[in-house]
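Spelled out from the first residue to the last, the chains are:
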Amino acid sequence: MKKTLIATLMASSLLGLAACSSVPFMDEDAPEPDYAAQAETISKKYIIADLHIDVPHRLHDSNEDISEATDGGDFDYPRAVKGGLDAPFMSIYIPANLEFEAEGESYKLANELIDNVEAIVANNPDKFALATSPAEVRENHKKGLISLPMGMENGSPIEGKLDNVQYFYDRGIRYITLAHSRSNHLSDSSYDEARPNGGLSDFGKDVVREMNRLGIMVDVSHLSDEAFYDVMEVSSAPVIASHSSARDFTPGFERNMNDDMIEAMAEKGGVIFINFGSTFISQDSIDNNNAYKEAVKNYIDSNNLDPEADAASIESFRKSYRQRNPFEFADREDVLDHIEHVIDLVGVDYVGLGSDYDGVGDSLPTGLKDVSTYPNLIKGLLERGYSEQDIAKMLSGNLMRVWTEVERRAAQ
């Protein structure tokens with residue numbers, strides 16, 4: 001009797017297992033999830049923040065009205081609404097050469113660009129609002145307004161005066177990229193062979209401490225590796241890379257961050273916001289662009305041309321070369337690869353979006369050409385198996401966490 005009962009139970013268990021194992025085969029013909037529709041829903045449900053959009057400098061010498069659809073550029077209000085973009089950080093970009101041309105020019109331009117952002121809001125209070133904290137971003141989102149927080153790209157407007165850090169905080173600046181394409185009085189640049197500071201200058205270290213005190217996020221994009229590690233040593237608060245990508249895909253390109261740097265930043269709670277530019281995320285694009293620049297240089301040198309006097313001839317050669325050798329664009333998958341690399345390395349809590357729209361010219365990847373395309377990026381994340389909760393972190397949750405922590409430490 002006992003043996004018969006055991007046999008019956010075993011047979012029932014085997015039948016149950018067989019039934020369970022057959023479930024996937026029964027679903028083989030089930031329709032694929034509608035990732036596009038899911039992506040659209042997510043893009044409207046959660047705040048999307050982009051840490052680096054170069055609208056202010058684009059508009060500095062332009063009459064474009066970004067509150068309406070524009071023919072040029074990567075950002076305007078209709079496209080931002082379509083893409084679900086809620087908090088684009090306006091880059092107060094200061095060209096690196098200004099620090100070396102005339103005293104006061106960097107400071108002057110920074111104020112003009114901040115004025116321009118304030119004017120956008122003043123002229124369109126039904127569409128845009130300033131934001132100087134995570135709380136204000138959330139409140140603006142509830143009102144249906146696009147927040148325009150500001151970050152300063154290049155610390156040269158500080159001009160050696162520590163009081164200017166407080167001044168720009170009062171004007172609404174909430175992150176400062178310490179240097180840009182040339183080493184300055186604060187920090188060495190990854191693009192500059194001259195490294196006069198050996199990392200951060202002594203004054204640059206004081207500026208980092210003052211940023212910590214006030215609640216301004218320290219941005220390590222553009223810095224030399226030595227300067228990055230100086231920041232990590234000096235800063236008592238988490239730091240960000242507002243628009244950098246993973247050097248693992250672009251060996252030798254110091255502008256991107258290597259794995260050790262990403263890990264060091266994550267250990268302090270910091271976040272890397274991925275740059276979309278093709279020459280930041282694709283080695284093929286870098287090689288293509290380098291070949292183009294070398295060909296132009298050889299043309300100028302071999303013909304003893306003057307860049308100014310012979311500008312027309314040089315431009316003709318540029319166009320002819322590009323007709324024969326088109327630029328090689330990256331695509332959406334390359335951006336997703338960089339995001340996924342950071343997640344595999346340190347986890348989903350330490351990556352976000354820093355597209356560099358309006359800042360990298362005609363080098364944006366296919367599928368992500370302007371601010372209307374965030375749903376396409378979200379669709380790619382869904383296709384790669386990321387949950388809605390993880391995607392929400394990448395879209396803005398990680399920014400809000402690090403920004404709030406910087407504020408909290410400043411309040412202490």
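The sections below set out a description of the structure shown in this document.

This paragraph deals with the pattern of salt bridges. For the structure on display, the rule yields 24 salt bridges. One salt bridge in this structure joins Glu 68 and Lys 127, with 3.4 Å as the shortest N-O distance. Here Lys 127 lies in the loop between helix H7 (105–123) and strand E3 (128–130) and Glu 68 lies in the loop between helix H4 (55–60) and helix H5 (77–83), a separation of 59 residues in the sequence. Lys 127 gets classed as buried once you look at its relative accessible area, which sits at 14%.

What follows concerns helix H11 (residues 225–234). When you tally the buried positions in H11, you get 7 out of 10 residues, the bulk of the element. For H11, the complete set of buried residues consists of Asp 225, Ala 227, Phe 228, Asp 230, Val 231, Met 232 and Val 234.

Right, let's talk about the packing of helix H14 (residues 283–302) against helix H15 (residues 311–324) for a bit. Contact pair H14 / H15: the axes reach a minimum separation of 10 Å and the direction vectors enclose 145 degrees. In the packing of H14 onto H15, the handedness of the crossing is right-handed. Contacts between H14 and H15 involve Asn 288, Asn 289, Ala 291, Tyr 292, Ala 295, Val 296, Tyr 299 and Ile 300 on the former and, on the latter, Ser 313, Ile 314, Phe 317, Arg 318, Tyr 321 and Arg 322. Class assignment for the residues of the contact of H14 with H15 results in 9 nonpolar, 3 polar and 2 charged.

Glancing now at the side chain of Ser 106. With respect to the helices and strands, the residue Ser 106 is situated in helix H7. A relative accessible area of 1% means that Ser 106 is categorised as buried. Other than its neighbours up to four places away in sequence, Ser 106 contacts Ile 94, Leu 98, Glu 99, Ser 156, Pro 157 and Glu 159.

Formed by 87 residues in total, the largest nonpolar core has its most connected members in Ile 53, Phe 75, Ile 92, Leu 178 and Ile 339. Considering every element that reaches this core, the biggest residue donor is H7, with 7 residues. Of all hydrophobic cores here, the second largest spans 18 residues; its members include Leu 51, Val 137, Phe 273 and Met 400.

With that out of the way, let us pick up the packing of helix H12 (residues 259–267) against helix H16 (residues 332–346). The geometry of H12 relative to H16 is characterised by a closest axis approach of 10 Å and an angle of 60 degrees between their N-to-C directions. Read as a crossing pair, H12 and H16 show a hand that is right-handed. Every residue of H16 that contacts H12 at Asp 259, Ile 262, Glu 263 and Ala 266 is listed here: His 341, Val 342, Leu 345 and Val 346. Tallied by class, the residues present in the contact of H12 with H16 amount to 5 nonpolar, 1 polar and 2 charged.

In this structure, His 222 sits in the loop between strand E7 (217–219) and H11. Only 3.4 Å separates the side chain of His 222 from the side chain of His 243, close enough to count as a polar contact. In contact with His 222, not counting residues within four places along its chain, are Glu 153, Thr 177, Ala 179, His 180, Asp 188, Ser 189, Ser 190, Tyr 191, His 243 and Arg 255.

With a phi close to 50 degrees, Asn 304 is a non-glycine residue in the positive phi region. Unlike most non-glycine residues, Asp 358 shows phi in positive territory, near 65 degrees. Here Asp 358 shows up in the loop between strand E10 (351–353) and helix H17 (374–383).

For Gly 367, the location among the structural elements is in the loop between E10 and H17. Judged by relative accessible area, Gly 367 falls into the partly exposed class, the value being 34%. A C-alpha to C-alpha distance of 39 Å links Gly 367 and Glu 233, two positions 134 residues apart in sequence. Beyond its immediate stretch of four places on either side in the chain, Gly 367 contacts Thr 373 and Asn 376.

So, about the packing of aromatic side chains. Considering all chains together, one arrives at 15 aromatic pairs under this definition. Seen from their ring centres, Tyr 107 and Phe 168 are 5.7 Å apart, and the 65 degrees between their planes marks the pair as edge-to-face. Of the two residues, Tyr 107 sits in helix H7 while Phe 168 sits in helix H9 (residues 163–170), which places them 61 residues apart along the sequence. Tyr 107 gets classed as partly exposed once you look at its relative accessible area, which sits at 26%. When its relative accessible area of 0% is taken as the criterion, Phe 168 is described as buried. Put simply, the rings of Tyr 292, Tyr 299, Phe 317 and Tyr 321 touch in pairs and so form one group of aromatic residues. Above the plane of the ring of Tyr 169 lies Arg 174, whose end atom (NZ or CZ) is 3.7 Å from the centre. The ring of Phe 100 has Arg 182 lying over it, and the distance from NZ or CZ to the ring centre is 4.0 Å.

Moving on, we come to helix H18 (residues 388–411). Here H18 spans 32 Å end to end across 24 residues, near enough to the 34 Å set by a 1.5 Å rise per residue. Turning to H18, its buried residues number three or more, namely Ile 391, Ala 392, Met 394, Leu 395, Ser 396, Asn 398, Leu 399, Met 400, Val 402, Trp 403 and Val 406.

Across the 9 residues that make up strand E2 (residues 85–93), a large majority, 9, are buried. Relative to E2, strand E1 (residues 48–53) is paired through 4 bridges, and the arrangement is parallel. Within the sheet, the bridge partner assigned to Asp 50 lies in E2 and is Pro 88. Alignment of E2 against strand E5 (residues 150–153), held across 4 bridges, turns out to be parallel. Along E5, the bridge assignment pairs Ser 91 with Gly 151.

Cut-offs applied
Residues numbered from 1 in each chain as written. Predicted model: local features only at pLDDT ≥ 70, side-chain atom pairs only at ≥ 80, totals over all residues. Heavy atoms only, no water. Salt bridge = Lys/Arg side-chain N within 4 Å of Asp/Glu carboxyl O. Helix = DSSP H or I, 4+ residues; strand = E, 2+ residues; numbered from the N terminus. Buried < 20%, exposed > 50% of the residue type's maximum accessible area, 1.4 Å probe, protein only. Axes fitted to C-alpha atoms, helices over the stretch in contact; angles between N-to-C directions. Left-handed = near helix turned anticlockwise from the far one by under 90°. Contact = heavy atoms within 4.5 Å. Nonpolar A, V, L, I, M, F, W, Y, C, P; charged D, E, K, R; others polar. Core = buried A, V, L, I, M, F, W, Y, C linked by side-chain atoms within 4.5 Å. Polar contact = N/O pair within 3.5 Å; in protein donor to acceptor, adjacent residues only side chain to side chain. Phe/Tyr/Trp six-rings, centres within 6.5 Å; stacked < 30°, edge-to-face > 60°. Lys NZ or Arg CZ within 6 Å of the ring centre and 35° of its normal. Expected span 1.5 Å × (residues − 1). Pairing = 2+ DSSP bridges.

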